[in-house]
Structures are given as C-alpha cells and as structure tokens.
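The chain contents come next:
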Amino acid sequence: MSKVTVVGAGNVGATTANVLVTTQVADEVVLIDIKEGVSEGKAMDIMQTANILGLQSRLTGVTNDYAKTADSDVVVITSGVPRKPGMTREELIGVNAGIVKSVTENVLKYSPNAVIICVANPMDTMTYLIHKISGLPKNRIIGMGGALDSARFKYFLSIALGANATEVEGIVIGGHGDTTMIPLTRFAAYRGVPATNYIPAEQLEKVAADTMVGGATLTKLLGTSAWYAPGAASAQMVAAVLGDQKKLISCSCLLDGEYGESDLCIGVPAIIGRNGIEKIVEFDLNEAEKTAFKKSAEAVHKTNEALKAAL
C-alpha cells in the first residue's frame, strides 16, 4: 500500500491530489490544509468522480491533523502564498519560509522515512531550507521546479515544431525563476533529431524566452500562479518515486561539487526512483551554458542569503 500526503489544498495541491488519484499512482492520498473544510470539500469532490472514472485510489481531506498523514511514502509540500501579477517568486521568501519550516517539522514527526517534494516558492530556496532544518539524507529532498519548467519548454517547442508534445525532447536547468532558468536549446529535439533541423535558431531562442516567462505570463493572465501543469509535474515526480521509475527529470537537488557548485539547491538533471534522487546527471555543457549556469547559481545563492536573514 502506497501513501502520499499533499500539504496545501490550494489550486496546486488540489490538482496534485486529483492527478494522483485519477491516474491511480498511489493507493492512499491525504490532502491536508490549515483552513477548515477546504481539503475535506475538495477531497469529497474529487472522490465523487470515483464511480464515473472507475478509480480505486482513496483520497482523504483533513484540517491540521498531521497524525492522519502518518507513514506516508512521499510528502508534497505545496503550502504557501501564491504569486500575484508583478510579483517575483523571491518576494514570497519571508512568509513562505515560516510555513515550510512548520510543515516540514509536522510531516516528519509522523513520516520520518518519507521522500519530500517541495513545490512552495521560491522553490530552490525552500528546498534548501528543508535540507537545513530536516537532517534528512540529501537524496530524499527534491524541488519540483525543473520538471515544470521543462514541461513548459516542451509545450512551446511542440507549438514551434507543429509536433505532438509527447514526441519532443527538452530540458531546463538552473534556478526556478524567470531570469535564472536555462532552457537547453542545444539539446532540444523532435524524435531524437535536433530541433534546429526543423526550425531556425532564432525561433528556438524565442521558444526559450517564452519558457522563461511562462509562469509570469500565466500569473498575469490568471491573476495568480498556475496550477494544472505544476500539479501534474508534482504528481509525475511522485510517480517516479513510488514506481521506482529511474526517470530522468530536471529537479532542484542539493549539489556537492556537481556542476562546480556546493551548498546549493538548483535545477539539474537527475535520476528519480524509490530512494528519491538516485543520481545527479552531469551534462557536458558548453562555455555559454556554463556561464549561464554560474550566473543562475549566483542568483540562487543570493536568495538563500535573504532566507538566512528572514529566519
């Protein structure tokens, strides 16, 4: 029996829970929130699709009762204040740091062996915070951002190519921010063939630029942060852990010399399986990509310093 806890019943958390249940990734999902009735109501709404969709997974909504989350295999932390139009992810650092710290302590009290997936923003820094306060092995703490950024990259790439989104390849590394993420255009491909064989380099650069502001674009359109793709990306990572898929996913990992960085959580390719981060994969970056990664890392280090000041 597999069990997953999703902390935060807002748009992202509820979508994560919905995808986990409707794809039947986990046997049991617990959706927990601080606000009375929200998680219970959303869980009930989702479970009323069970007969229609032929679902076997079970979803329970609870308010602040972390005992109900006991023995979870994976915990997804989505709780925190979402972005509003014009806000950067970094502006959320003060309030969200306190929330993530409290949530981490509560979930580990009842699920000390869980793999933790962090979604709360600023995601790289919140992932770093969990490392600092939890004492968990570094493989068991994963930041979701790169999975979402890569999905957005592949979306824009599929439009440019006029191709099925499931047949394009693309990966984004670096910080999960509008100015810090690095869509690796050199590795973009359609069915194994470099994308530049089909579209000009300047069009591929526009795909990369659209990817970088993908979150901000949606925030401006919706008036708040996106949720369908972030929820699906979170569920994808849960599935990789529970299914021991050994799947290559870009995600925020604590580096210890990889890519020339240490004491830093930032998006890099990693193999995700039952133990969480099973291996960090080091791509052979060219000089321009190395320079971009170093600049991104410096920005995330700076945000981490703001975290230390806020605590």
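Cut-offs used in this document
Residues numbered from 1 in each chain as written. Predicted model: local features only at pLDDT ≥ 70, side-chain atom pairs only at ≥ 80, totals over all residues. Heavy atoms only, no water. Helix = DSSP H or I, 4+ residues; strand = E, 2+ residues; numbered from the N terminus. Lys, Arg positive; Asp, Glu negative; His and termini not counted. Charge placed at Lys NZ, Arg CZ, Asp CG, Glu CD. Buried < 20%, exposed > 50% of the residue type's maximum accessible area, 1.4 Å probe, protein only. Pairing = 2+ DSSP bridges. Phe/Tyr/Trp six-rings, centres within 6.5 Å; stacked < 30°, edge-to-face > 60°. Polar contact = N/O pair within 3.5 Å; in protein donor to acceptor, adjacent residues only side chain to side chain. Core = buried A, V, L, I, M, F, W, Y, C linked by side-chain atoms within 4.5 Å. Contact = heavy atoms within 4.5 Å. Expected span 1.5 Å × (residues − 1). Arc of directions from axis to C-beta. Salt bridge = Lys/Arg side-chain N within 4 Å of Asp/Glu carboxyl O. Axes fitted to C-alpha atoms, helices over the stretch in contact; angles between N-to-C directions. Parallel < 35°, antiparallel > 145°, perpendicular 65-115°, else oblique. Left-handed = near helix turned anticlockwise from the far one by under 90°. Nonpolar A, V, L, I, M, F, W, Y, C, P; charged D, E, K, R; others polar.

## Some details on the overall build of the protein chain
Reasoning step 1: If you tally the helices and strands in the protein chain, you get ten helices and 14 strands.
Reasoning step 2: The C-alpha extent of the protein chain, read off along each of the three principal axes, is 50 × 50 × 35 Å.
Reasoning step 3: Between the averaged position of the 28 positive side-chain charges in the protein chain and that of its 32 negative side-chain charges there is a distance of 2 Å.

## A closer look at the pairing of strand β4 (residues 74-77)
Reasoning step 1: Neither face of β4 is open: one carries V74 and V76, the other V75 and I77, and all of them are buried.
Reasoning step 2: Pairing of strand β1 (residues 3-7) with β4, which is carried by four bridges, proceeds in the parallel orientation. Each bridged residue has a counterpart across the sheet, and for V6 the counterpart in β4 is V76.
Reasoning step 3: Pairing between β4 and strand β5 (residues 115-118): four bridges, direction parallel. Residue I77 lies in a different strand from β5, and its bridge partner there is C118.

## With respect to the packing of aromatic side chains
Reasoning step 1: The tally for this structure, following the rule as stated, stands at five aromatic pairs.
Reasoning step 2: Taken together, a centroid distance of 5.4 Å and an interplanar angle of 50° make the contact between W227 and Y228 tilted.

## Brief notes about the pairing of strand β14 (residues 276-280)
Reasoning step 1: With four bridges connecting them, strand β13 (residues 262-273) and β14 associate as antiparallel partners. By the bridge assignment for β14, I272 is matched with I277.
Reasoning step 2: Connecting the antiparallel pair β13 and β14 is a turn made up of two residues.

## Details of unusual backbone geometry
Reasoning step 1: Cis geometry is adopted by the peptide bond preceding P122, which originates at N121 and carries an omega value of -5°.
Reasoning step 2: Within the chain, D244 stands out as a residue other than glycine whose phi angle is a positive 50°.
Reasoning step 3: Positionally, D244 belongs in the loop between α9 (228-242) and β12 (247-256).
Reasoning step 4: Phi at D263 is positive, roughly 50°, even though this residue is not glycine.
Reasoning step 5: Among the structural elements, D263 can be located in strand β13.

## Details of the side chain of S39
Reasoning step 1: Within the element layout of this structure, S39 appears in helix α2 (residues 38-47).
Reasoning step 2: What makes S39 buried here is its relative accessible area of 0%.
Reasoning step 3: One polar contact links the side chain of S39 to the main-chain carbonyl oxygen of V62, over a distance of 2.6 Å.

## Thoughts on the nonpolar core
Reasoning step 1: V4 and I272 are the most contacted members of the largest nonpolar core, which totals 54 residues.
Reasoning step 2: Beyond its immediate sequence surroundings of up to four residues, V4 is in contact with L20, A26, E28, V29, V30, S72, V74, V76, V238 and L242.
Reasoning step 3: Counting residues in each nonpolar core, the second largest holds 26 residues, with V30, V100, C118 and I130 among its members.

## Some thoughts on the sheet that holds strand β7 (residues 168-169)
Reasoning step 1: Ordered by their spatial adjacency, three strands build an open sheet running β7-β10-β11, and the pairing between neighbours is antiparallel. Each of the sheet's edge strands pairs with one partner strand only, and the pair in question is β7 and β11 (193-194).
Reasoning step 2: Note that β7 and strand β10 (residues 189-190) share two bridges and pair antiparallel. When the sheet's bridge partners are listed, V168 is paired in β10 with Y190.

## Comments concerning helix α7 (residues 201-212)
Reasoning step 1: For α7, spanning twelve residues, the distance from its first C-alpha to its last is 17 Å, which sits close to the expected 16 Å at 1.5 Å a residue.
Reasoning step 2: Turning to α7, its buried residues are L204, V207, A208 and T211. Axial view of α7: buried residues confined to an arc of 95°, hence all on one face. Of the residues in α7, the exposed ones pointing more than 90 degrees away from the buried face are E202 and K206.
Reasoning step 3: Those residues of α7 that are buried are in contact with α6 (145-161), β8 (172-174), β9 (181-183) and α8 (214-222).

## Quick look at the pattern of salt bridges
Reasoning step 1: As enumerated under the stated definition, the model contains twelve salt bridges in all.
Reasoning step 2: For K68, the salt bridge is made with D65, and the minimal N-O distance between the two is 3.5 Å.
Reasoning step 3: A relative accessible area of 29% means that D65 is categorised as partly exposed.
Reasoning step 4: In this structure, the salt-bridge partner of E298 is K294, at a minimum N-O distance of 3.7 Å. In this pair, E298 and K294 are both assigned in helix α10 (residues 287-310), four residues apart and thus about one turn of the helix distant.

## Structural notes on the packing of helix α1 (residues 11-22) against α9
Reasoning step 1: Relative to each other, α1 and α9 sit at 50°, their axes nearing to 8 Å. In terms of axis orientation, α1 runs oblique to α9. As for how α1 packs across α9, the hand of that crossing is right-handed. Of the residues in α9, those in contact with V12, T15, T16, V19 and L20 of α1 are Y228, P230, G231, A232, S234, A235 and V238.
Reasoning step 2: Looking at side-chain class alone, the contact of α1 with α9 contains eight nonpolar, four polar and no charged residues.

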